[in-house]
Amino acid sequence: QMLQNGVEPFPTELALQVVREELGCEIENVFSEFGAEPVAAASLAQVYKATLRSNGKQVAVKVQRPEALSTVSKDLYVLQRAVSVYQNVIERWTKQKT
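No experiment lies behind these values; they were computed from the predicted model shown. (Residues numbered from 1 in each chain as written. Predicted model: local features only at pLDDT ≥ 70, side-chain atom pairs only at ≥ 80, totals over all residues. Heavy atoms only, no water.)

## Some thoughts on the pairing of strand 3 (residues 45-52)
- Two strands pair when backbone bridges link them, and strand 1 (residues 31-34) and strand 3 are joined in this way by three bridges, in the antiparallel orientation. Residue pairing in the sheet places F34 in a bridge with A50 of strand 3.
- Of the strand pairs in this sheet, strand 2 (residues 40-41) and strand 3 are connected by two bridges, and their pairing is antiparallel. Its bridge partner being in strand 3, A41 is matched across the sheet by Q46.
- Between strand 2 and strand 3, which pair antiparallel and follow one another directly, the connecting turn spans three residues.
- Summarising the sheet, strand 3 and strand 4 (residues 58-64) pair through seven bridges and their orientation is antiparallel. Across the sheet, the residue bridging to Q46 is V63, located in strand 4.
- Hairpin geometry of strand 3 and strand 4 is characterised by an intervening segment of five residues between the two adjacent antiparallel strands and by a positive phi of about 75° at G56. (Pairing = 2+ DSSP bridges. Helix = DSSP H or I, 4+ residues; strand = E, 2+ residues; numbered from the N terminus.)

This is how it looks when you write it as structure tokens:
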């Protein structure tokens, strides 16, 4: 199943595990209802509908993909290297023009 950004969702059981770890308790202690499927998925996270046990308000729970930090770190490294190469090219070109 593909959701909003054309990104496949990661398994809900994995998302629930992430939420449990972040909350430091069982999901049922915080939410009276928690969606069985994500309502949206993107490259860094996916979103579930839930209802707070404390006041009954419906909320959106954004769950970061487990590999998101690693992916972003790699992307930033590649970007940093590309900027360095581009900067060197500009510096050489500028020296040739002056």
